[in-house]
Amino acid sequence: MKILADSHIPFLKGVAEQFGEVEYLPGNQFTRDAIKLKDALIVRTVTHFGYDILHGSSVKLICSATIGYDHIDTEYCDSHGIAWRTAPGCNASSVEQYITASLLFLARKYNFNLKEKTIGIVGVGNVGSKVAVACRKLGMNVLLNDPPREKAEGSNSETEFVNIRTIQLEADIITFHTPLTKVGEHKTFHLVDNSFLNFLERKPFIINAARGAVTSNQSLKKALNNGNISGVVLDCWENEPEIDAELLSMAEIATPHIAGYSADGKWTATKMSIDNLKDHFGLDITPVYQPIPEPKEPVIDLKGIAPEDQLAHAVWHSYNPMRETELLKTSPEKFYWFRSNYPLRREYHAFTVINSHNSVHQKLKDLGFNII
Ligand SMILES: NC(=O)C1=CN([C@@H]2O[C@H](COP(=O)(O)OP(=O)(O)OC[C@H]3O[C@@H](n4cnc5c(N)ncnc54)[C@H](O)[C@@H]3O)[C@@H](O)[C@H]2O)C=CC1
Ligand SMILES: O=C(O)C(=O)[C@H](O)COP(=O)(O)O
């Protein structure tokens, strides 16, 4: 079998080779010629797969090592016998870590207590559900909006959903965790546009770690300028990697689409992609994966840290988005480079916290840290 894989998929090299002849290329260098004679592609979100690149090829399967799949023209694939698979939920905990770290940053910078704030979560799937659990652990009031789920689950749903108007009226922070969809009753393209932003009651912060075009650049800038919103946290950018310089300068936290980039998430994405390859072609091979590297500093010593600062200290030890914000604001033209050369981080469960105060023990444990 001939496979073409994105060279920036961690933990894949040495594993994919057990299934066939593998060529690696950076995702932004995939061409029609490069994929023409391949049977399977293992890919990321940076390559668009539609007629232009796929027509006339022998590709039978596209495995995306990602949750989102708006980079795949699924209609084209379905109608041309090209199977496509994704890695649902693979990096959901990593996005949750990103959101928690960002919320703690906003609380510190603007001197508010998360316990007194309401967060609206729009899109309550694998990511949004984890974000909801983490926000409740932080003591926040959580509002959930997910019309497709609400409709599908009807009155049997165990989850209490609110409509988007309630989020507009009541939320101090609104975070988006929907896929990017351009058609249909619940399309999310420019969900956050002028009309959404003009009807906000509490001057909320807006977080987009979903897909760039869920929020409109022009509308966000307008709302920041006229004071309808207090600030933005952006991991996903409309038109990335060519990002809006003015919006970048206004963002509180600005990262190059790396919310899902924990080593844990990437490892799982790779394994799920290989499993998809095996299932599709009926291959009975059990590959050996490299282990996930330990964190450089796996022990977090909270001795001497004020109890009220301990939670943020531990979370930012595992992941601090501010360093990346500085780098991106300094060199926005390196957006793609930052993503391709990202030093993978570990999630909470890879860290052990020592000397924590009784008052934060449970919260740290609930987030997933080991405590001794
Ligand atoms: N920044 C990053 O690194 C990452 C971004 N993502 C993005 O996050 C998205 C969500 O991921 P998951 O939670 O795993 O997907 P999921 O498919 O498990 O959940 C998405 C949820 O959004 C809901 N939804 C769809 N349209 C909606 C609308 N108009 N309003 C409210 N809710 C709506 C769906 O019903 C579903 O419950 C992905 O599609 C991807 O685009 C995912 C992983 C990493
Ligand atoms: O899983 C998703 O969906 C994401 O957005 C990923 O974090 C993006 O990963 P890459 O495509 O950059 O590998």
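Residues numbered from 1 in each chain as written. Chains lettered and ligands numbered in written order. Predicted model: local features only at pLDDT ≥ 70, side-chain atom pairs only at ≥ 80, totals over all residues.

- By the naming in an unreviewed UniProt entry, the protein chain is Erythronate-4-phosphate dehydrogenase, taken from Fermentimonas caenicola.
- According to UniProt, the comment filed for the protein chain under the heading Subcellular location (unreviewed entry) is "Cytoplasm".
- In UniProt, the protein chain has this text filed under Function (unreviewed entry): "Catalyzes the oxidation of erythronate-4-phosphate to 3-hydroxy-2-oxo-4-phosphonooxybutanoate." (UniProt positions renumbered as here; feature names shortened; annotations may be inferred.)

1. Section: the nonpolar core
Part 1: Core analysis: the biggest nonpolar cluster contains 66 residues, and I121, I206, I207, A209 and A314 have the highest contact counts within it.
Part 2: When residues in this core are grouped by element, the largest group, eight residues, is from helix 4 (residues 92-109).
Part 3: Residue assignment places this core across two domains, with domain 2 (92-254) and domain 3 (299-371) each supplying three or more.
Part 4: Residues in contact with I206, not counting those within four places in the same chain, are I174, V192, T215, L220, I229 and V232. (Core = buried A, V, L, I, M, F, W, Y, C linked by C-beta atoms within 7 Å. Buried ≥ 20, exposed ≤ 12 C-beta atoms within 10 Å, placed from the backbone. Helix = DSSP H or I, 4+ residues; strand = E, 2+ residues; numbered from the N terminus. Domains from an automatic or database assignment. Contact = placed C-beta atoms within 7 Å.)

2. Digging into the UniProt feature "binding site: substrate" (unreviewed entry) in the protein chain
Part 1: Listed under "binding site: substrate" (unreviewed entry) in the UniProt record, and renumbered for this structure, are T45, T66 and Y261. The greatest C-alpha distance among the annotated residues, which extend across 217 residues, is 12.7 Å, indicating that they converge on a single site.
Part 2: Within the secondary structure, T66 sits in the loop between strand 4 (61-64) and helix 3 (74-79).
Part 3: Among the residues examined, T66 registers 24 C-beta atoms within 10 Å and is labelled buried.
Part 4: Excluding residues that lie within four positions of it along the chain, T66 makes contacts with R44, T45, T86, A87 and A269.
Part 5: Position of Y261 among the secondary structure elements: in the loop between strand 11 (253-254) and helix 11 (263-281).
Part 6: Here Y261 falls in the buried class, since 23 other C-beta atoms lie within 10 Å of it.
Part 7: Residues in contact with Y261, not counting those within four places in the same chain, are S94, K266, Y342 and L344.

3. Overview of the site of ligand 1
Part 1: Taken together, 33 residues form the shell around ligand 1, and within it G68, G123, G125, P179 and G260 come nearest.
Part 2: Those elements that place two or more of their residues in the shell around ligand 1 are helix 4, helix 5 (126-137) and helix 6 (147-153).
Part 3: Of the residues assigned to the shell around ligand 1, the class counts are 15 nonpolar, 14 polar and four charged. (Near = placed C-beta within 6 Å. Nonpolar A, V, L, I, M, F, W, Y, C, P; charged D, E, K, R; others polar.)

4. Description of the site of ligand 2
Part 1: Inspection of the region around ligand 2 gives R44, T45, V46, T66, I67, G68, N91, G260 and R339 as its neighbouring residues.
Part 2: For the shell around ligand 2, a count of residues per class yields two nonpolar, five polar and two charged.

5. Some points on the sheet that holds strand 14 (residues 370-371)
Part 1: With respect to topology, three strands assemble into an open sheet ordered 12-13-14, the strand pairing being parallel. Pairing within the sheet leaves two strands with one partner each, and these edge strands are strand 12 (299-301) and strand 14.
Part 2: The sheet contact formed by strand 12 and strand 13 (residues 352-354) spans three bridges and is parallel. In the strand pairing of strand 13, D301 is matched with I354. (Pairing = 2+ DSSP bridges.)

6. Brief notes about the domain arrangement of the protein chain
Part 1: Considered domain by domain, the protein chain is made up of domain 1 (2-86 + 262-281), domain 2 (92-254) and domain 3 (299-371).
Part 2: For domain 1 versus domain 3, the distance between C-alpha centres works out to 32 Å.

7. Some details on the packing of helix 12 (residues 307-318) against helix 15 (residues 358-367)
Part 1: Running from amino to carboxyl end, helix 12 crosses helix 15 at an angle of 25°, the nearest separation of the two axes being 9 Å. Here helix 15 runs roughly parallel to helix 12, going by the angle between their axes. Where helix 12 crosses over helix 15, the handedness of that crossing is right-handed. Here P307, Q310, L311 and A314 of helix 12 lie close against helix 15, whose contacting residues are S359, V360, K363 and L364. (Axes fitted to C-alpha atoms, helices over the stretch in contact; angles between N-to-C directions. Parallel < 35°, antiparallel > 145°, perpendicular 65-115°, else oblique. Left-handed = near helix turned anticlockwise from the far one by under 90°.)

8. Things to note about the sheet that holds strand 5 (residues 83-85)
Part 1: Taking strand neighbours across the sheet as the criterion, the five strands line up as 2-1-3-4-5 in an open arrangement whose pairing is parallel. Of all strands in the sheet, those with a lone pairing partner are strand 2 (21-25) and strand 5, marking the two edges. When strand polarity is set aside, the average angle formed by the axes of neighbouring strands in this sheet is 15°.
Part 2: Where strand 1 (residues 2-6) and strand 2 come together, five bridges link them in parallel fashion. Across the sheet, the residue bridging to K2 is E21, located in strand 2.
Part 3: In the packing of helix 11 onto the sheet, the strands contacted are strand 3 (40-43), strand 4 and strand 5, and the crossing angle to strand 4 comes to about 160°.

9. Some points on the pairing of strand 1
Part 1: For strand 1, a buried count of four out of five residues is recorded, marking the element as mostly surrounded by other parts of the structure.
Part 2: Alignment of strand 1 against strand 3, held across three bridges, turns out to be parallel. Bridging across to strand 3, L4 finds its partner in L41.

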